[in-house]
Amino acid sequence: DPEQMQKQMDEAMKLMTGGNMMESVLEKKDEVLANLEKTGLVSADELAKYKADPAYFEEQMRGAFDQMEGLFSDPELINTAAESMSGMKDMLS
């Protein structure tokens, strides 16, 4: 049900974009950077910028959270995801 999925996504995004989650990311900057380095999700140059400039790191993290929030609030994307999940469920049963 796309409507139910939208509600669940909204709740998840509220948790992720709430002040507590963002503050946690900023407080655990060293852990976040270590994870980014380990997973290769950002280039070495970008990682160096994050390490050298705390304001830049915060700006980029907030931007990433805003981008995720935008994706999860897109009804068309939610409908497509719900249809895909339903199709997979049908194939597996």
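Not measured: the values here are computed from a predicted model. Along each chain, the written sequence defines residue order, and numbers are assigned to residues from 1. Where local features are concerned, this predicted model is filtered to residues with pLDDT of at least 70; where side-chain atom pairs are given and counted, the filter is 80 or more; whole-chain, interface and lining totals use all residues. Side-chain figures throughout are based on the complete set of non-hydrogen atoms in the structure, without hydrogens or water.

1. Re the packing of aromatic side chains
Between rings of Phe, Tyr and Trp, where Trp is taken as its six-membered ring, a pair exists when centres lie within 6.5 Å; planes separated by under 30 degrees are stacked, by over 60 edge-to-face, and by other angles tilted. Inspection of the entire model under this criterion finds two aromatic pairs. Here the aromatic rings of Tyr 50 and Tyr 56 are separated by 5.7 Å at their centres, their planes lie at 35 degrees, and the arrangement is tilted. For the pair Tyr 50 and Tyr 56, one class covers both residues: buried. A centroid spacing of 5.6 Å and a plane angle of 80 degrees characterise the contact between Tyr 50 and Phe 57, whose relative ring orientation is edge-to-face. Grouping residues by exposure puts Tyr 50 and Phe 57 together as buried. Taken together, the ring pairs in this structure connect Tyr 50, Tyr 56 and Phe 57 into an aromatic cluster. Relative accessibility under 20% of the residue-type maximum defines a buried residue, over 50% an exposed one, and the middle range a partly exposed one, all with a 1.4 Å probe and only protein chains included.

2. Comments concerning the packing of helix 3 (residues 29-39) against helix 4 (residues 44-52)
Throughout, an axis means a line fitted to C-alpha atoms (over the contacting stretch in the case of helices), and angles, computed between N-to-C directions, take values from 0 to 180 degrees. Think of it this way: any DSSP run of H or I at least four residues long counts as a helix, any run of E at least two long counts as a strand, and we number them from the N terminus. One way to put it is that helix 3 packs onto helix 4 with a least axis distance of 11 Å and a crossing angle of 175 degrees. Here helix 4 runs roughly antiparallel to helix 3, going by the angle between their axes. The residues of helix 4 that touch helix 3, namely those facing Lys 29, Leu 33, Leu 36 and Glu 37, are Leu 47, Tyr 50 and Lys 51. Here the contact of helix 3 with helix 4 is composed, by residue class, of four nonpolar, no polar and three charged. The labels follow the angle: roughly parallel below 35 degrees, roughly antiparallel above 145, roughly perpendicular from 65 to 115, and oblique for the rest. Residues are treated as being in contact if the distance between any of their heavy atoms lies within 4.5 Å. Under the scheme applied here, ten amino acids are nonpolar (Ala, Val, Leu, Ile, Met, Phe, Trp, Tyr, Cys and Pro), four are charged (Asp, Glu, Lys and Arg), and all others, including Gly, are polar.

3. So, the nonpolar core
If you look at the biggest cluster of nonpolar residues, it comprises twelve residues: Met 22, Val 25, Leu 26, Val 32, Leu 33, Leu 36, Leu 47, Tyr 50, Tyr 56, Phe 57, Met 61 and Phe 65. Put simply, the parts of the chain that give this core at least two residues each are helix 2 (19-27), helix 3, helix 4 and helix 5 (54-72). Looking at this core element by element, the count peaks at four residues for helix 5. Residues belong to a common nonpolar core when they are buried Ala, Val, Leu, Ile, Met, Phe, Trp, Tyr or Cys residues joined through side-chain atoms within 4.5 Å.

4. What to know about helix 4
A turn of α-helix holds 3.6 residues, and therefore any two residues three or four places apart point the same way. Along helix 4, the residues classified as buried are Glu 46, Leu 47 and Tyr 50. End-on view of helix 4: buried residues confined to an arc of 100 degrees, all on one side of the axis. Exposed side chains of helix 4 directed beyond 90 degrees from the buried face belong to Ala 44, Asp 45 and Ala 52. Here the arc refers to the set of directions running from the helix axis out to each C-beta atom.

5. Here's the deal with the environment of Phe 65
When you line up the elements, Phe 65 lands in helix 5. On the basis of relative accessibility, which here comes to 10%, the residue Phe 65 falls in the buried class. Linking Phe 65 and Met 21, residues 44 residues apart in sequence, is a C-alpha distance of 9.9 Å.

6. Overview of helix 3
Of all the positions in helix 3, only Lys 29, Val 32, Leu 33 and Leu 36 are classed as buried. Around the axis of helix 3, the buried residues are gathered within 100 degrees of arc, so they sit on the same side. Opposite the buried face of helix 3, by more than 90 degrees, sit the exposed residues Asp 30, Glu 31 and Lys 38. Directly beyond the C-terminal end of helix 3, a positive phi value near 75 degrees is found at Gly 40.

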